[in-house]
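# Examination of the molecular architecture
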Amino acid sequence: MVFDILKGCKILEHNDKMTVAEVGASNIREIARALFERGYYYSSGMGVDERPINGRFAMYHIFNCDTEGRYVVLKITSPEGSPEVPSITPVIKGAEWSEREAMDMLGIVFSGHPKPERLILPDDWPEGVYPLRKDFPYNKKLPPSKPIEKEREHKKDVMEIPLGPYHPSLHEPEYFELYVKGDKVVDAEYRGFHIHRGMEKLAESRMTINQIPFLAERICGICGCTHSAAYCQAVEDAAGIYVPERAQYIRTIMLEVERIHSHLLWFGVVCHLLGFDSGFMHIWRAREYIMDIAELITGNRKTYGINIVGGVRRDITEDKKEKTLKLLDMVEKESREVLDNIAEMKELRERMEGVGVLPKKEAREIGVVGPMARSSGIDTDVRRDHPYAAYKDLDFKVPVYKEGDVFARFLVRYEEIFESFNMIRQALENMPPGELINDEYEIPPFKLGIGVTEAPRGENIHAVITWGENMIYRWHPRAATYNNLPAVPIMLRGNDVADAPLIIASIDPCFSCTDHVSIIDSESGKILWRGPLKEGVRRV
Amino acid sequence: MNAVYAALNLIFIVLFAPLLDGIERKVKARLQSRQGPPLIQTWLDLLKLFRRPNVRPRESVRWLFEPAPAIALVSVLAASLFIPSLLPGSLDTWGDIIAFIYLSTLSAVAIALGAFSTGSPYAQIGSHREVSIIMAEEFSLAFIVAALAASSGGLSFSRLFPLQLKVSTITGALAFAVMAYVAGARIPFDVAEAEPEIVEGPFIEFSGKGLGMLKLSIYVKRLLLTTILLNFFLPQDGTVRVLVYVIGLVIISVVYASIEAHYGRFRTKDAARFLKRFAIVGILSWILGVVGW
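All values reported here derive from a predicted model rather than from experimental measurement.

A word on the sheet that holds strand β13 (residues 445-455) of chain A. All names here are of chain A. Across the sheet, which stays open at both edges, the three strands sit in the order β13-β14-β15 with antiparallel pairing between neighbours. The open sheet has two edge strands, β13 and β15 (471-478), and neither has a second partner. Between one strand and the next, the sheet's axes are offset by a mean angle of 15°, whatever the strand orientation. Across nine bridges, β13 lies against strand β14 (residues 458-468) in antiparallel orientation. Among the inter-strand pairings, Val-452 is bridged to a residue of β14, identified as Ile-461.

Here's what the structure looks like:
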């Protein structure tokens, strides 16, 4: 039991889903270590500026244990008037990014952190300005800064290859620096967060509880529904809101539709990266049908806008159900045909087998999630271990492979989508009648809630602290890629340059999820082009 | 007379090579259940490129970078003068198959050198790959050419075209068909360009007219390799030949394009390994040719 480990700590909250404990500076490392050894891995870390309430900064370390089906939150607060707390990165490798993020955004100082460098904020961001602190106005404009010209150190005996920020295989601005000897990658470094949108600040400052699901959905263009579902679940968890069962089933169906569409997209991208464009085209053709299903049920092909705190916004009628089942058969048939062909192609398999291996031990230390973890021999799936929506009523298998290479990731996703087809059929079959939404609830002030969903890429976790009065005090979404990206440099080492894009793509990276971001020029108010649309398109 | 033939052949090759690429694009698109671009799309692309200026990277070596596209294009065009294409060969007394192979390799080397001179890491990797593939390719090609020469009793085109029907010439010609596929930098052998991996490799720093010339040189090279292959079997005179030749070009292009649509890209070492193994076919047909089969 978790109480043996948390002996002597103040238990703030304990229910069958999570345990929140306040830990002191003296014993946090021991407790974190003990949790890790007991099978808890580091899921997410949220820094909070609690000065308006108690004059301190707080850091919430969220651990996930899939065997016990429980989240353990270690809360540590800084002394009054000082932002310093001890770092747990020396004992838990996976906490590195979360602590650096809190350092950047809130100015919390983590003593003993092995790499206290900037992670999110750009290098030319002024010192001592922390955007997520409560006294920083969300609409404040910083004076324009000059770019810093840093003299870079060059490594000896290797060639440096910049993979990014603009590279045709990444599809989003992100920067991997590969150090290459001949055709082999000897080392790799990652610098991301070029496209941070400041969504958390926006939500905390000027959005109401029920506007945020639509913002959360825009965290990612591929897996938006799981973000809005996770956010809604977090609020429902914090406020104890009952969600009608029919709504839970509809959420499940849309989450699985999204998984199928995302995995098919991934298969297509992998084919393209392997130079097999025919596979790419045929898979994306099959993917069209699943988009049609989404359009049928929600009215939108992507960014469904179906989730809302307390339920969903649209019903699946008998007529829609029948059409969906028909379309579903078509997707299943077509995608099985194409994917079976690809899996049997010798030269494609040769390029995936034994490439980009992630050993189980390192996977556990970093805390990778989703298909990445399952292909490295870690049997984890939020849908089964922490059942949400209607997953407890559904019957499904979780594929696990030991090899940890790109082909194992291919197979995990391959088996997963066919499980998803069955799950959608089961859910449509067993959907109970009833209400779609429960809108009679009160939001209690200052309460922590956690919402998790298994996105196509892995566990998404949204932590929410309520403020009452229809507002959120703190919202911290963490997408799966955030946990998976630190594993990429490990996977790249010792492989060919030719395989680098494939290895990066094998985690199904979603950079904008990780950054909570998007790049739209109109957002900055800068007009790129004014004139006839036709000419503008040609110019851009 | 010869000068007129040469001019007509040149015009045909330059005009028809991009069109052939257009046909290949259409075939690939249909195989991928796409509509595909219009047949003249490759021509439109080239015209657009030729209207744009060249940009030279500041770090590049000027005397290597600037003439590279012209050398690449001129060398394949010069090679085209040796072989009979639409009309009988115009300059075939001046060059033989060895000269042809050297000129077409020169175009690849010019691209690689121009790319090496830019200092871009992607171009470096791309050129490195290009050179590795050329090395592996030459090894097989040497035996194939030797096999054809041994059975026809000479290296000049007048002896090689058309081939006498023997076991060694047939295996040699079939092996040449594979090499024509490889030397045309088609998937799975387009490792030097590999857009998702190294961003077009050698071509990354070229732009405008230079890029246009490089692309045109590749299309011309593909057409010339197919032309040689067809000449092995077609009669050298007659009006029927012209018709059969053009139809043959289209058919071989369609075959190559459909093969291309069914493969993924090799790694450089896999491609090199394949080519080295393939050299055995060349060696065998050479032995057959020497024995007199």
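After that view, the rundown keeps rolling.
Chain B puts 23 residues into the contact, and the matching count from chain A is 32 residues. When the two sides are added together, the surface that chain B and chain A hide from each other amounts to roughly 2,300 Å², 54% of it contributed by carbon and sulfur. Taken together, the connections running from chain B to chain A amount to zero salt bridges. For the pair chain B and chain A, the number of links is four residue pairs in polar contact (both at pLDDT 80 or more). The set of elements that each furnish at least two residues to the side of chain B that touches chain A consists of α6 (121-152), α9 (195-198) and α12 (268-291) of chain B. In terms of residue count, the dominant contributor to the side of chain B that touches chain A is α6(B) (five residues).

With that out of the way, let us pick up the side chain of His61(A). Residue and element names in this part refer to chain A. Locating His-61 in the fold gives a position in strand β4 (residues 56-65). Overall, the relative accessible area of 0% leaves His-61 in the buried class. Among the polar contacts made by the side chain of His-61, one reaches the side chain of Tyr-42 at a distance of 2.8 Å. In contact with His-61, not counting residues within four places along its chain, are Ile-28, Tyr-42, Ser-44, Val-72, Val-73, Leu-74, Ile-76, Ile-88 and Glu-99.

Mapped onto the present numbering, the UniProt feature "binding site: Mg(2+)" (unreviewed entry) falls on Glu200(A) and His516(A). As for its placement among the helices and strands, Glu200(A) is situated in helix α5 (residues 199-206).

Residues and elements named next belong to chain A. UniProt marks Cys-220, Cys-223 and Cys-510 with the feature "binding site: Ni(2+)" (unreviewed entry), using the numbering shown here. A stretch of 291 residues holds the annotated residues, and the largest C-alpha distance among them is 9.2 Å, short enough that they meet in one place. Among the structural elements, Cys-220 can be located in the loop between α6 (212-217) and α7 (224-239). Cys-220 gets classed as buried once you look at its relative accessible area, which sits at 3%. Here Cys-223 is to be found in the loop between α6 and α7. Relative accessible area serves as the criterion here: at 2%, Cys-223 is assigned to the buried category.

What the domain assignment lists for chain A is domain 1 (1-111), domain 2 (159-183) and domain 3 (199-513). For domain 1 of chain A and domain 2 of chain A, the distance between their C-alpha centroids amounts to 35 Å.

Bringing the nonpolar core into the picture now. With 154 residues, the main nonpolar core has Phe63(A) and Leu178(A) as its most contacted residues. Here the element with the most residues in this core is helix α15 (residues 406-430) of chain A; it accounts for 14 residues. Setting aside anything within four residues of it in sequence, one finds Phe63(A) in contact with Ala32(A), Leu35(A), Tyr40(A), Tyr41(A), Tyr42(A), Ser43(A), Arg70(A), Tyr71(A), Val72(A), Leu74(A), Ile88(A) and Ile92(A). Counting 61 residues, the second largest nonpolar core, distinct from the first, contains Ile13(B), Leu20(B), Leu103(B) and Leu160(B).

Let us look at the state of the cysteines. All names here are of chain A. Counted by the stated rule, this structure contains zero disulfides over all chains. Sulfur of Cys-65: no disulfide; nearest cysteine sulfur belongs to Cys-9 and is 17 Å away. Cys-232 takes part in no disulfide bond, and the closest cysteine sulfur, belonging to Cys-225, lies 9.2 Å away. For Cys-232, a relative accessible area of 0% translates into the label buried.

A word on the layout of surface pockets. Looking at the second largest pocket, its volume works out to about 1,000 Å³. Considering the residues around the second largest pocket, the lining is formed by 36 residues, among which Arg25(B), Lys28(B), Glu193(B), Glu200(B) and Glu260(B) are closest to the centre. Listed by contribution, the elements that provide at least two residues to the lining of the second largest pocket are α9 (277-298) of chain A together with α1 (2-31), α2 (41-50), α9 and α10 (208-231) of chain B. Looking at the lining of the second largest pocket, the element that brings in the most residues is α2(B), giving five residues. Grouping the constituent residues of the lining of the second largest pocket by class yields 14 nonpolar, five polar and 17 charged.

Moving on, we come to the UniProt feature "transmembrane region" (unreviewed entry) in chain B. In the numbering used here, UniProt assigns the "transmembrane region" (unreviewed entry) feature to residues 6-23, 61-85, 97-118, 139-157, 163-183, 219-236, 242-262 and 274-292 of chain B. Measuring from the first to the last C-alpha atom of residues 139-157 of chain B gives 21 Å, for a span that is 79% helix and 0% strand.

Reading guide: rules and limits
Residues numbered from 1 in each chain as written. Chains lettered and ligands numbered in written order. Predicted model: local features only at pLDDT ≥ 70, side-chain atom pairs only at ≥ 80, totals over all residues. Heavy atoms only, no water. Pairing = 2+ DSSP bridges. Helix = DSSP H or I, 4+ residues; strand = E, 2+ residues; numbered from the N terminus. Axes fitted to C-alpha atoms, helices over the stretch in contact; angles between N-to-C directions. Contact = heavy atoms within 4.5 Å. Buried area = accessible area lost by both parts, 1.4 Å probe. Salt bridge = Lys/Arg side-chain N within 4 Å of Asp/Glu carboxyl O. Polar contact = N/O pair within 3.5 Å; in protein donor to acceptor, adjacent residues only side chain to side chain. Buried < 20%, exposed > 50% of the residue type's maximum accessible area, 1.4 Å probe, protein only. UniProt positions renumbered as here; feature names shortened; annotations may be inferred. Domains from an automatic or database assignment. Core = buried A, V, L, I, M, F, W, Y, C linked by side-chain atoms within 4.5 Å. Disulfide = S-S within 2.5 Å. 1 Å grid on protein atoms, 1.4 Å probe; cavity = no way out; pocket = protein on both sides within 12 Å on 5 of 7 lines; lining within 4 Å. Points joined across faces, edges and corners; volume = space filled by probe spheres on them. Nonpolar A, V, L, I, M, F, W, Y, C, P; charged D, E, K, R; others polar.

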